[in-house]
Amino acid sequence: MPGLLQRPGALWLGFSAVLALLAVLAAAVDSARLDWQPALVWREPWRWWSAALVHWSVMHLGANLLATALVAAYGWAARVPAVVAWAWLVSWPFTQLALLAKPALLHYGGLSGVLHGGVAAVTLWLMLRGHGAQRTIGWMMLVGQSVKLLVEEPWGAALHPPSELDVAVAPLAHASGSIFGALFTLAALMLLRPERT
């Protein structure tokens, strides 16, 4: 089993599968026990992680499970090494902790912030360690994700009203996930210098 997890992209797929499974299991738990609530953040620190697993509707969960599959495929296709998957894992709680910058956001749940971090991690890997077309894809993804975040205006309102989904969107979670996913991946690549295989 350790040899399998050392294959490029394998740990990334495993982490993605665990995220999806935990999100499905969390649907059976009262969301008030798991969601992000700034008043409880220091007394109940598990919410730094568990908030990502809370979904407010079946449509919300379904959309994030589909997005998880796409992020899993992105990392697998990029053949990210284990160090990038670990960097993504470490960025998870920081995605939620950054929500303290929006005290008006009294409740938050959903995988989208963590998934944005995953996209940023793979994108950085492709930009820094990819070859030829891979680097081009990395740069194109960077531009696309940056434009998306700017359009969402994470510095603005804490929540955007529902549009495609039947739940409101917290743009700061997307931005914080992207920033911390990229920062931890950059640190891991600088410190550990894994080679592309």
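What comes next is a walk through the structure. The structure presented is a predicted model; accordingly, all values stated were derived computationally and were not measured.

About the criteria used
Residues numbered from 1 in each chain as written. Predicted model: local features only at pLDDT ≥ 70, side-chain atom pairs only at ≥ 80, totals over all residues. Heavy atoms only, no water. Helix = DSSP H or I, 4+ residues; strand = E, 2+ residues; numbered from the N terminus. Rg over C-alpha atoms; globule rule 2.2 N^0.38 Å. Buried < 20%, exposed > 50% of the residue type's maximum accessible area, 1.4 Å probe, protein only. Contact = heavy atoms within 4.5 Å. Areas by Shrake-Rupley, 256 points an atom, 1.4 Å probe, with all protein chains shown as cover. Lys, Arg positive; Asp, Glu negative; His and termini not counted. Charge placed at Lys NZ, Arg CZ, Asp CG, Glu CD. Axes fitted to C-alpha atoms, helices over the stretch in contact; angles between N-to-C directions. Parallel < 35°, antiparallel > 145°, perpendicular 65-115°, else oblique. Nonpolar A, V, L, I, M, F, W, Y, C, P; charged D, E, K, R; others polar. Salt bridge = Lys/Arg side-chain N within 4 Å of Asp/Glu carboxyl O. Left-handed = near helix turned anticlockwise from the far one by under 90°.

## Thoughts on the overall build of the protein chain
Here is step 1: Looking only at helices and strands, one finds 8 helices and 0 strands in the protein chain.
Here is step 2: Counting from the amino terminus, helix and strand elements in the protein chain follow one another as α-α-α-α-α-α-α-α.
Here is step 3: The C-alpha atoms of the protein chain give a radius of gyration of 16 Å, which matches the 16 Å a tight globule of 197 residues would have.
Here is step 4: In terms of its C-alpha atoms, the protein chain occupies a principal-axis envelope of roughly 45 × 40 × 30 Å.
Here is step 5: Out of the 197 residues in the protein chain, the part that is buried amounts to 49%.
Here is step 6: Taking the contacts inside the protein chain whose residues are at least 6 apart along the sequence as the reference set, 76% of them involve residues at least 24 apart.
Here is step 7: Summed over its atoms, the accessible surface of the protein chain is roughly 9900 Å², and 74% of this surface lies on carbon and sulfur atoms.
Here is step 8: Side chains of the protein chain give 11 positive and 8 negative charges; the mean places of these two sets differ by 14 Å.

## Topic: the packing of helix H2 (residues 10-26) against helix H5 (residues 82-97)
Here is step 1: For the pair H2 and H5, interaxial distance at closest approach is 8 Å and the crossing angle is 30 degrees. By the criterion of interaxial angle, the relationship of H2 to H5 is roughly parallel. Residue-level contacts link Leu11, Trp12, Phe15, Ser16, Leu19 and Leu22 of H2 to Ala82, Val84, Ala85, Trp86, Trp88, Leu89 and Trp92 of H5.
Here is step 2: Residue classes in the contact of H2 with H5 are distributed as 12 nonpolar, 1 polar and no charged.

## Thoughts on the pattern of salt bridges
Here is step 1: For the coordinates displayed, the defined rule picks out 3 salt bridges.
Here is step 2: With a shortest N-O distance of 3.3 Å, aspartate 35 and arginine 47 are connected by a salt bridge. In this pair, aspartate 35 sits in the loop between H2 and helix H3 (47-50) while arginine 47 sits in helix H3, placing the two residues 12 residues apart along the sequence.
Here is step 3: Between lysine 148 and glutamate 152 there is a salt bridge, with the nearest N and O atoms lying 2.6 Å from each other. Of this pair, lysine 148 and glutamate 152 both sit in helix H7 (residues 133-152), 4 residues apart, which is roughly one turn of the helix.
Here is step 4: Overall, glutamate 152 belongs to the buried group, its relative accessible area being 14%.
Here is step 5: Each member of the salt-bridge network shares a partner with another, and the members are Asp35, Glu44 and Arg47.

## Observations regarding unusual backbone geometry
Here is step 1: Residue arginine 79 is not a glycine yet carries a positive backbone phi of 55 degrees.
Here is step 2: Within the element layout of this structure, arginine 79 appears in the loop between helix H4 (58-78) and H5.
Here is step 3: Owing to a relative accessible area of 37%, arginine 79 belongs among the partly exposed residues under this scheme.
Here is step 4: A positive phi angle, near 50 degrees, is found at glutamate 153, a position not held by glycine.
Here is step 5: By the element assignment, glutamate 153 lies in the loop between H7 and helix H8 (171-192).
Here is step 6: With a relative accessible area of 41%, glutamate 153 lands in the partly exposed category.

## Overview of the packing of helix H6 (residues 112-129) against H8
Here is step 1: Across the interface, H6 lies against H8 with an axial gap of 7 Å and an inter-helix angle of 40 degrees. Taken as axis vectors, H6 and H8 run oblique relative to one another. Taken as a pair, H6 and H8 cross one another with a handedness that is right-handed. Taken together, the residues of H8 that come into contact with H6 (itself represented by Ser112, Gly113, His116, Gly117, Ala120, Ala121, Leu124, Trp125, Leu128 and Arg129) are Ala173, His174, Gly177, Ser178, Gly181, Ala182, Thr185, Leu186 and Leu189.
Here is step 2: Partitioning the contact of H6 with H8 into residue classes produces 9 nonpolar, 9 polar and 1 charged.

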